[in-house]
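# Structural features, examined
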Amino acid sequence: MATKTLILMRHAKSSWSDESVDDHDRTLNDRGRKTAPLMARWFLDSDLVPYSTLCSTAKRTQQTALFLSKNDLNIGTLELIQELYLATASTILKVIEQHGPRQANTLLVLGHNPGLENLASILAGKPVIMPTAAVAVFRIEGLEDWKIPYDSGQIKLAEFVTPRLLDATADAD
């Protein structure tokens, strides 16, 4: 049985400047374009390299993935999944189970609140607040595939980081 690493990341800060743009099509704002590379550097410094990335189809999540990869982070195979757009915690778990490659020991999920925050809190067994571009890293013992038990002693919140923790000028919401 293997130890798997599940990385949950909320998209970087998006723009609300044009109210006529559909929520799904909102892009990153200046702050989001600044914090995504900051987070990429943290991934590299932490030796976290995803085998695969499951990403919501929203523009802001796709742009976050692009900024991560443009800053030397290999995000592995990128799979865009419509069900991750504004998904609940249980839907995110189902997507991970269905799309997480069995051979992957490290999986990145890029999505949205409140689903990511709810899932992180459930897995951590305590409240986890996920501002934009936040990353929660879970180590899960004894998994052969990506069927993650909700409340198991096998799950440990190993790392939690936000842009604000890395850079005091990176104001997070």
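Okay, so let's go over this structure. Quick caveat, the model's predicted, so the values are computed rather than measured. (Residues numbered from 1 in each chain as written. Predicted model: local features only at pLDDT ≥ 70, side-chain atom pairs only at ≥ 80, totals over all residues. Heavy atoms only, no water.)

## Digging into the packing of aromatic side chains
Centre distance and the angle of the planes are the two values used to describe a pair of aromatic rings. In this structure the tally under the stated criterion is 1 aromatic pair. An angle of 75 degrees between the planes, with centres 5.6 Å apart, marks the rings of W42 and F43 as edge-to-face. Residue F43 is classed as buried on the basis of its relative accessible area, which comes to 0%. Directly above the ring of W16 sits R26, whose terminal nitrogen or CZ lies 3.6 Å from the centroid. (Phe/Tyr/Trp six-rings, centres within 6.5 Å; stacked < 30°, edge-to-face > 60°. Buried < 20%, exposed > 50% of the residue type's maximum accessible area, 1.4 Å probe, protein only. Lys NZ or Arg CZ within 6 Å of the ring centre and 35° of its normal.)

## Concerning the environment of L93
When you line up the elements, L93 lands in helix α3 (residues 89-99). Given a relative accessible area of 8%, L93 falls into the buried group. Spatially, the C-alpha atom of L93 lies 14 Å from that of I155, the residues being 62 residues apart in sequence. (Helix = DSSP H or I, 4+ residues; strand = E, 2+ residues; numbered from the N terminus.)

## Quick word on the pattern of salt bridges
This structure, assessed with the given rule, holds 3 salt bridges. For R60, the salt bridge identified is with D23, shortest N-O distance 3.1 Å. Residue R60 is found in helix α2 (residues 59-70), and its partner D23 is found in the loop between β1 (2-10) and α1 (30-45); the two are separated by 37 residues along the sequence. With its nearest N and O atoms 2.3 Å apart, the salt bridge here joins D30 to R33. (Salt bridge = Lys/Arg side-chain N within 4 Å of Asp/Glu carboxyl O.)

## Some remarks on the sheet that holds strand β4 (residues 106-111)
Here we have 6 strands laid out as an open sheet, ordered β3-β2-β4-β1-β5-β6, and mixed in their pairing. Lying at the two open borders of the sheet, with one neighbouring strand each, are β3 (77-81) and β6 (155-161). The sheet shows a mean angle of 20 degrees between the axes of neighbouring strands, taken without regard to direction. By the bridge criterion, 6 bridges tie strand β5 (residues 135-143) to β6 in an arrangement that is antiparallel. (Pairing = 2+ DSSP bridges. Axes fitted to C-alpha atoms, helices over the stretch in contact; angles between N-to-C directions.)

## Digging into the nonpolar core
Residues L6, L8, I96 and I148 are the most contacted members of the largest nonpolar core, which totals 28 residues. At the level of secondary structure, the elements contributing two or more residues to this core comprise β1, α3, β4, α4 (115-124) and β5. Element by element, the count of residues in this core is highest for α3, at 5 residues. Each residue touching L6, except ones within four places of it in the same chain, is listed here: I96, L107, V109, L123, A136, V137, F138, I140, W146 and I148. By size, the runner-up hydrophobic cluster in this structure holds 22 residues, among which are M39, L48, A65 and F67. (Core = buried A, V, L, I, M, F, W, Y, C linked by side-chain atoms within 4.5 Å. Contact = heavy atoms within 4.5 Å.)

## Some thoughts on the pairing of β3
Sheet analysis places strand β2 (residues 52-56) next to β3, joined by 5 bridges and oriented parallel. Counted as the bridge partner of S56 is I81 from β3. Each parallel crossover has a hand, and the one from β2 via α2 to β3 is right-handed. (Right-handed = clockwise from strand over helix to strand, strands pointing away.)

## Examining α2
Look at α2: 16 Å from first C-alpha to last across 12 residues, which is about the 16 Å you get at 1.5 Å a residue. Within α2 the residues assigned to the buried category are R60, T61, T64, A65, F67 and L68. Here the buried residues of α2 occupy an arc of 160 degrees about the axis, which is enough to place them on one side. Contact partners of the buried residues in α2: β1, α1, β2, β3 and β4. With its phi angle positive at about 75 degrees, D72 sits one or two positions after the end of α2. (Expected span 1.5 Å × (residues − 1). Arc of directions from axis to C-beta.)

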